Amino acid sequence: MRNVYRSDLNWSDVTPRAVWMSRRQLIGAAGALALAGPAAASIGAGKSALSTDETPNTLEEISSYNNFYEFGLDKADPARYADALTVDPWAIEIGGLVDKPGSYDLADILTGVTLEERIYRFRCVEAWSMVIPWVGFELATLLNRVGVQPGAKFVAFETLVRPEEMPGIGAGYLDWPYREGLRLDEAMNPLTILATGLYDEPMPKQNGAPMRLVVPWKYGFKSIKSIVKISLVEEMPQTTWNMLQPREYGFYSNVNPTVDHPRWSQASERRIGGGFFAPRVDTQMFNGYGEQVASLYAGQDLAQDF
Ligand SMILES: Nc1nc2c(c(=O)[nH]1)N[C@H]1C(S)=C(S)[C@@H](COP(=O)(O)O)O[C@H]1N2
Ligand SMILES: [Mo]
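I will try to describe carefully the structure that is included in this document. (Residues numbered from 1 in each chain as written. Chains lettered and ligands numbered in written order. Predicted model: local features only at pLDDT ≥ 70, side-chain atom pairs only at ≥ 80, totals over all residues. Heavy atoms only, no water.)

Quick look at the overall build of the protein now. A tally of helices and strands in the protein yields nine helices and 13 strands. Out of the 306 residues belonging to the protein, those deemed buried represent 53%. Counted over contacts in the protein with a minimum sequence separation of 6, partners at least 24 positions apart contribute 73%. When the accessible surface of the protein is split by element, carbon and sulfur atoms take 52% of a total near 13,200 Å². (Helix = DSSP H or I, 4+ residues; strand = E, 2+ residues; numbered from the N terminus. Buried < 20%, exposed > 50% of the residue type's maximum accessible area, 1.4 Å probe, protein only. Contact = heavy atoms within 4.5 Å. Areas by Shrake-Rupley, 256 points an atom, 1.4 Å probe, with all protein chains shown as cover.)

There is about 440 Å³ of room inside the largest pocket. In terms of lining, the largest pocket is formed by 27 residues, of which the most central are N67, F68, Y178, G220 and F221. Looking at the lining of the largest pocket element by element, the count peaks at four residues for strand 5 (residues 128-138). Among the residues making up the lining of the largest pocket, the classes are represented as 17 nonpolar, six polar and four charged. (1 Å grid on protein atoms, 1.4 Å probe; cavity = no way out; pocket = protein on both sides within 12 Å on 5 of 7 lines; lining within 4 Å. Points joined across faces, edges and corners; volume = space filled by probe spheres on them. Nonpolar A, V, L, I, M, F, W, Y, C, P; charged D, E, K, R; others polar.)

Okay, the sheet that holds strand 2 (residues 91-96) next. Spatially, the five strands line up as an open sheet ordered 3-2-11-6-7, and their pairing is mixed. Whereas interior strands pair on both sides, the edge strands pair on one side only; in this sheet they are strand 3 (102-105) and strand 7 (179-183). With direction set aside, neighbouring strand axes in the sheet form an average angle of 20°. Pairing geometry for strand 6 (residues 154-159) and strand 7, over five bridges, is antiparallel. Pairing of F154 across the sheet is with R183, part of strand 7. (Pairing = 2+ DSSP bridges. Axes fitted to C-alpha atoms, helices over the stretch in contact; angles between N-to-C directions.)

Time to look at the environment of A76. The residue A76 is located in the loop between helix 3 (59-62) and helix 4 (77-81) in this model. We classify A76 as partly exposed; its relative accessible area is 26%. Along the chain, A76 and Q206 lie 130 residues apart, while their C-alpha atoms are 9.4 Å from each other.

Along the chain, the position of E180 falls in strand 7. E180 gets classed as buried once you look at its relative accessible area, which sits at 1%. Of the polar contacts made by the side chain of E180, one reaches the side chain of K222; its length is 2.7 Å. Apart from the residues lying within four places of it in its own chain, the contact partners of E180 are V155, A156, F157, F221, K222, I224 and T239. (Polar contact = N/O pair within 3.5 Å; in protein donor to acceptor, adjacent residues only side chain to side chain.)

Residue pairs spaced three or four apart in an α-helix point in one direction, given the helix's 3.6 residues per turn. Within the span of helix 6 (residues 139-146), buried status applies to L139, A140, L142, L143 and V146. Take helix 6 and look down its axis: the buried residues cluster within an arc of 160°, on one side only. Looking at the residues trailing helix 6, positive phi occurs at G147, about 80°. (Arc of directions from axis to C-beta.)

Another point: the site of ligand 1. Around ligand 1, 17 residues are found, and the nearest of them are N66, Y69, E70, T159 and K225. Here Y69 contributes a backbone N or O atom positioned 2.7 Å from an oxygen atom of ligand 1. Here S223 contributes a backbone N or O atom positioned 3.0 Å from a nitrogen atom of ligand 1. If you map ligand 1 onto the pockets, it falls in the largest pocket. (Near = heavy atom within 4 Å. Sits in = over half its atoms within 2 Å of the grid points.)

Per the counting criterion, the structure on display carries 15 salt bridges. The shortest N-O distance in the salt bridge between R80 and D77 comes to 2.7 Å. One end of the pair is R80 and the other is D77, both in helix 4 and three residues apart, which spans about a single turn. Judged by relative accessible area, D77 falls into the buried class, the value being 10%. The salt bridge partner of E165 is R162, with a shortest N-O separation of 2.9 Å. For the pair E165 and R162, one class covers both residues: buried. (Salt bridge = Lys/Arg side-chain N within 4 Å of Asp/Glu carboxyl O.)

Our focus in this paragraph is the nonpolar core. Among the nonpolar cores identified, the biggest contains 74 residues, and W134, F137, F157, L213 and W217 are the most heavily contacted of them. Each residue touching L213, except ones within four places of it in the same chain, is listed here: L139, F157, L182, T192, I193, L194, K222, S223, I224 and I227. (Core = buried A, V, L, I, M, F, W, Y, C linked by side-chain atoms within 4.5 Å.)

A few words now on the packing of aromatic side chains. Tallied over the full model, the rule gives 13 aromatic pairs. Residues F251 and Y252 carry aromatic rings whose centres are separated by 5.4 Å and whose planes lie at 85° to one another, so their mutual orientation is edge-to-face. In this structure Y252 comes out as buried when scored by relative accessible area, which is 9%. Ring geometry for F286 and Y297: centres 5.5 Å apart, planes at 15°, overall stacked. Residue F286 is found in the loop between strand 13 (281-282) and helix 9 (290-293), and its partner Y297 is found in the segment after helix 9; the two are separated by eleven residues along the sequence. For Y297, a relative accessible area of 3% gives the class buried. Three or more aromatic residues joined by ring pairs form one cluster here, namely Y69, Y173, W176, F221, W241 and Y249. A cation over an aromatic ring shows up here: R121 above the ring of Y289, its NZ or CZ 4.5 Å from the ring centre. When the ring centre of F251 is taken as reference, the NZ or CZ atom of K222 above it lies at 4.3 Å. (Phe/Tyr/Trp six-rings, centres within 6.5 Å; stacked < 30°, edge-to-face > 60°. Lys NZ or Arg CZ within 6 Å of the ring centre and 35° of its normal.)

Written as structure tokens, this is what we have:
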């Protein structure tokens, strides 16, 4: 992200909450703007109707307790090692059933998008959760820009594999690259965002810099980090956790308190930051986003399609 101040921003127009929305990040978007000319990267002001009113976790909590297996298995490993990750320059290959396939610079992708804050509940399949004030834009915006062709039914994502900067890659516990996927209607849902930051920070590297997916009604592992490849495909793609343990991790992985993991209950969760003795919180169907997404699964048996 470029460290150039954009003088035409009118900060008095934004709400205090929107100020979290990343001065530095907006400056990054402005840098892209300078390179790309008139197409404006703009800044959404105010609070999204899709944000929760719950109190967000602290930046410290969000950036010190992470799953990012490319950097190790311990929750503290990503914060310990991800600093070595080079995130600029960064290109994303977009291909498959799209009108405009190619390798896109992240700066070009950010040109013309509106970055906005989305405060979402985030529920890991391991039964802990946080509330995270992401900054990002809707995945649909990018997919519409590259033009989704009629045959496309799914979107597949891949994370960077760079062993010299990712000490977990050498260990054989996952088959790299980390892969995830969504059905096209899930990908196009307004809740689904590509996030480039949180609070007033560009995305911390341990949280998936420079850009990661966030799908708040699904278990956290669907929200793939540090994306380098997006493909529009006809068949349901292979996904990392499903490949590893298909009986434990389904393709859909919607948060569902009535479908337990074979080795633990999904009925409740531990909210990070509440302390060891904090009461557990009841897990909500679709992580509380049923109003927005339940209709996507009409007619499906969610115990089968877990
Ligand atoms: N590339 C990649 N993406 C990933 C993971 C990972 O190990 N590698 N872990 C997933 C899991 S299990 C969770 S819970 C979230 C954690 O995101 P956070 O560290 O930003 O809270 O990232 C997901 N995305
Ligand atoms: Mo997770």
